[in-house]
Each structure stands twice: as structure tokens, then as C-alpha cells.
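Structural features, examined
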Amino acid sequence: MQSTSSTIALPVGVTLDRYIMRQQRDFPFATGELSQLLRDIALAGKIINREINKAGLIDVTGALGSNNVQGECQQKLDVIANIRFIRALKNGGEVCAIISEEDEEIIYTDNDHAKYVVAMDPLDGSSNIDVNVSIGTIFSIYRRVTPIGTRATLDDFLQGGRKQVAAGYILYGSSTMLVYTTGHGVSGFTYDHSLGEFFLSQAQINSPADGSIYSCNDGNYNEYPENIRHYLETSRRQGYTGRYIGSLVADFHRNLIKGGIYLYPPIPKAPTGKLRLLYECAPLAFIAEQAGGRATDGFRDILDIEPSELHQRTPLYIGATKMVEALLETV
Ligand code: AHG
Ligand code: MN
Ligand code: MN
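The numbers attached to residues start from 1 for each chain and follow its sequence in the written order. Written order decides the labels, with chains lettered from A and ligands numbered from 1. Note on the predicted model: pLDDT of at least 70 is required for a residue's local features to be given, and 80 or more for side-chain atom pairs to be given and counted; whole-chain, interface and lining totals, by contrast, use all residues. Derived side-chain values reflect all non-hydrogen atoms in the structure, with water molecules and hydrogen atoms excluded from consideration.

1. As for the site of ligand 1
- Taken together, 18 residues form the shell around ligand 1, and within it Asp124, Asn217, Tyr244, Tyr262 and Tyr264 come nearest.
- Between ligand 1 and aspartate 121 there is a distance of 3.0 Å, counted from an oxygen atom to a side-chain nitrogen or oxygen.
- Within 3.5 Å is the distance limit for a polar contact, defined as a pair of N or O atoms, with the added protein rule that one can donate a hydrogen and the other accept it, and that residues adjacent in sequence qualify only through two side-chain atoms. Between an oxygen atom of ligand 1 and a side-chain N or O atom of aspartate 124, the distance comes to 2.7 Å.
- Definitions used throughout: a 1 Å grid over protein atoms alone; a cavity as a set of points that fits a 1.4 Å probe which cannot get out; a pocket as an open set with protein on both sides within 12 Å along at least five of seven lines; a lining residue as one with an atom within 4 Å of a point. Pocket or cavity membership: a molecule qualifies when more than half of its atoms sit within 2 Å of the grid points of that site. Put simply, ligand 1 lies in the largest pocket.
- Helix and strand assignments follow DSSP, with helices taken as H or I runs no shorter than four residues and strands as E runs no shorter than two, numbered in order from the N terminus. Looking at the shell around ligand 1, the elements with two or more residues in it are strand 5 (116-124), strand 13 (260-264) and strand 14 (275-276).
- Residue-level mapping places the shell around ligand 1 at the junction of two domains, with at least three residues from each of domain 1 (16-202) and domain 2 (213-328). Note on definitions. A residue lies near a molecule or strand when any single heavy atom of the residue is within 4 Å of it. For the domain bounds, the source is a domain assignment made automatically or taken from a database.

In C-alpha cells:
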């Protein structure tokens, strides 16, 4: 369990609010703005959780009939989650700008005096919405580099993953969980619907150093680079288990807890990979590293990539350190 300098470690069962408050007390110069931002994100998660839970009842399943900036078919809940999240962050006042998978350009909150920016995938795994399979929200927080009081710019978002102040995800699964890091380990909170609160359920998530689960879209197998095919063949011979939900956040979470590797290699129709660096790969890489795991694009650690575009894509190999290292040996 994570210990704090001022007090005894917080017990499992403490509320997220109290946990955030106590963490803040351990940083003498903390102003409380990041704490408030984390609470705003948790609130957005609760709202999205509510929308998802009643999805089958209120005609919000299915496609909207539009494409997002990636040219991908938007689901109604993608758009709803995006609107809800942006609204919660605008109202919270701690964020000066947002980027989202669902919007091509930077979204300004009109809070130019706020010192944080957020990159988010409001709903990850949205092709699984209609079939009641786990989906999630991924977020990444940076301290802005442009002067407070001015308009945020691209530079605020293109700092590189090592500059993240916090990152996390909300997993709408068999239970709803918030998992996040501020660079001092990874903590997990489980949502109690009846009380409307997140409670600390994993004080310190340490991912197994090795594992026997591999997660990739097997339908793309013949399109994978030769070394990746070789790695997968070896994994099969070693008796590894294949597990693929098709929601990155859910596949990542399972592997984080049980030990495994998630792979999304480059393929001809996605030559630089499918997943987005700023709001899918970098936040999960931050969490993976904080839990003792690794994340790479095959050449560099994901957190060392210098981004050049808001919606940049990258190949991703993420999970148990020994499995990622074994894969890197095939390069
Ligand atoms: P999103 O729903 O945010 O567009 O993300 C979908 C991503 C990711 O969640 C998942 O792991 C991957 O796409 C699945 O891709 P394939 O269908 O190509 O396997
Ligand atoms: Mn996604
Ligand atoms: Mn998405």
C-alpha cells in the first residue's frame, strides 16, 4: 500500500474524494487545482456510466450516421460521452483546453486562467457498446506550457508522455472502476452505484513482471510484420492464452492485473498503427510504467515519442515488462 509522509496509509474503502484530499496534503505547495480536476473527471465518469447503463432503454445505441476526425463511424454514445465530458471539464474550471478523439481541433473551455489541459478518448471500444461488453474513458493531463491567461496552443498538448501530470481511465465493466496515476504508483477505485461514490479498492496496483496472456486482433495476423508473427507463434507454442475484447482499455486492464501483453502492430491499412498516441497510448503507458510494466512502439518507449500531431497514431506493445522485452528482442 502506498504510504504517505504525513499519515498512515489510506485503507481500502476510503472514498475517492478523501483519498484525493489526503494525497494533496502530502504536497506542501499543491494548490488543489489538480485535485479538483480529478474530481471533475470522476464526476464526468459517473455521468457517462449512467448513460451507458441505460443505453438499451433510451435509443442511444447504434451509429449516429456521422464520421469523426479519424474517418470512423461515430456511435451515439461516443458523441454523448464527448459532450458530457467536455461540459464537466468546462464547468469545473481547472482546464483551459481539451483535445478529444471526437473533435478535430482543440476545444477551448474559455477558462484561459486554468493551468491544465486534458487529452481524452471519451469512449474507447465503442464498437462494443451495443453488445454490452466493457468500454471505457481514457484521460491524460498536462500542465500547460503557454502563459496562464493566454489561449492554449498545440504546444500544450505536444509535450511528450513523460510530461503527463496524471493519467487514468474509467472502465465501464462488470463493475465501474477508476484507475489513475499522478506519478506515485497506480490506484484503483470501484464505483458503488447505490451510493454514487468511487471507493479505493486497490491502493497500489503492481502489475506482474511476466505473464501468459497475449491480446491482439487475430484477424489481422497475416498483415502483421514478420517479427510480430514470429513472436505470436512462439507465444502459442509456449501455451500462452489469447484474450481480446476489442476495447483497448478493457484489454489493458485485464493484462495489468493478470499479466499479459497487448499488441496493435502496424498493418497495411494502418501503417503507423491504429491507436492514438495522445489519448490512448501515452496515458496507458504512464499507468503501465507506474505499475512496473512497459510500453513501446517497437523502437522507443511510448513515453519518449515526441508528438507532432494531435491525432497521431502509433503501433503499441504494452504490458508485462518481460513480455514486452521478449518482443523487443525480435525486432
Ligand atoms: P475507439 O472505440 O475509441 O475508436 O477505439 C477502438 C480501438 C481500441 O479500443 C481497440 O483496442 C481497437 O480499436 C480495436 O481495433 P480492431 O477492431 O481493429 O481490433
Ligand atoms: Mn479508443
Ligand atoms: Mn473512442
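2. Examining the coordination of the manganese ion (ligand 3)
- The manganese ion (ligand 3) binds to the protein through Glu101 (OE), Asp121 (OD) and Leu123 (O), with metal-donor distances spanning 2.0 to 2.2 Å.
- We note that the donor set of the manganese ion (ligand 3) lies within a single chain, spaced as E-x19-D-x1-L.
- In this structure, the manganese ion (ligand 3) lies 3.7 Å from the manganese ion (ligand 2), and both are coordinated by aspartate 121. Of this pair, glutamate 101 sits in the loop between strand 3 (95-100) and strand 4 (107-108) while leucine 123 sits in strand 5, placing them 22 residues apart in sequence. Neither residue differs from the other here; glutamate 101 and leucine 123 are each classed as buried. Any nitrogen, oxygen or sulfur atom within 2.8 Å of a metal ion counts as a donor, with the limit raised to 3.2 Å for Na, K and Ca, and since water is left out, coordination shells can look unfinished. Each residue's exposure class comes from its accessible area (1.4 Å probe, protein chains only) as a fraction of the maximum for that residue type: buried when under 20%, exposed when over 50%, partly exposed otherwise.

3. Quick look at the sheet that holds strand 9 (residues 186-192)
- Ordered in space as 4-3-5-6-7-8-9-10, the eight strands form an open sheet in which the pairing is mixed. Taken across any chain shown, the strands that pair with only one partner, and hence form the sheet edges, are strand 4 and strand 10 (197-202).
- Those strands touched by helix 1 (residues 16-25) are strand 8 (176-181), strand 9 and strand 10, and its axis lies near 5° from that of strand 8.
- Contact criterion: two residues are considered in contact whenever any of their non-hydrogen atoms come within 4.5 Å of each other. Fitting a line to C-alpha atoms yields each axis, with helices limited to the stretch in contact; the angle taken between N-to-C directions then spans 0 to 180 degrees. The strands touched by helix 3 (residues 76-92) are strand 3, strand 4, strand 5 and strand 6 (135-143); relative to strand 5, the strand with the most contacts, the crossing angle is about 155°. One requirement defines pairing of two strands: DSSP has to find at least two bridges between them.

4. Considering the domain arrangement of the protein chain
- Partitioning the protein chain into structural domains gives domain 1 (16-202) and domain 2 (213-328).
- For domain 1 versus domain 2, the separation of C-alpha centres amounts to 22 Å.
- With 45 residues of domain 1 in contact, the opposing surface of domain 2 contributes 33 residues.
- When two components associate, each loses some accessible surface as probed by a 1.4 Å sphere; the sum of these losses over both components is called the buried area. Of the roughly 2900 Å² buried at the junction of domain 1 and domain 2 (both faces included), carbon and sulfur atoms supply 62%.
- When the buried area of domain 1 at its contact with domain 2 is split by residue, Leu158, Arg162 and Tyr169 rank highest and sum to 22% of it.
- We define a salt bridge as a side-chain nitrogen of Lys or Arg found within 4 Å of a carboxyl oxygen belonging to Asp or Glu. Here domain 1 and domain 2 share four salt bridges between them.
- Residues arginine 162 and aspartate 301 are paired through a salt bridge, measuring 3.5 Å at the closest nitrogen-oxygen approach.
- Ranked by the residues each element gives to the side of domain 1 that touches domain 2, the list is headed by strand 7 (residues 164-172), at seven residues.
- Taken together, the residues of the side of domain 1 that touches domain 2 break down into 20 nonpolar, 18 polar and seven charged. Think of it as three bins: nonpolar holds Ala, Val, Leu, Ile, Met, Phe, Trp, Tyr, Cys and Pro, charged holds Asp, Glu, Lys and Arg, and polar takes everything else, Gly as well.

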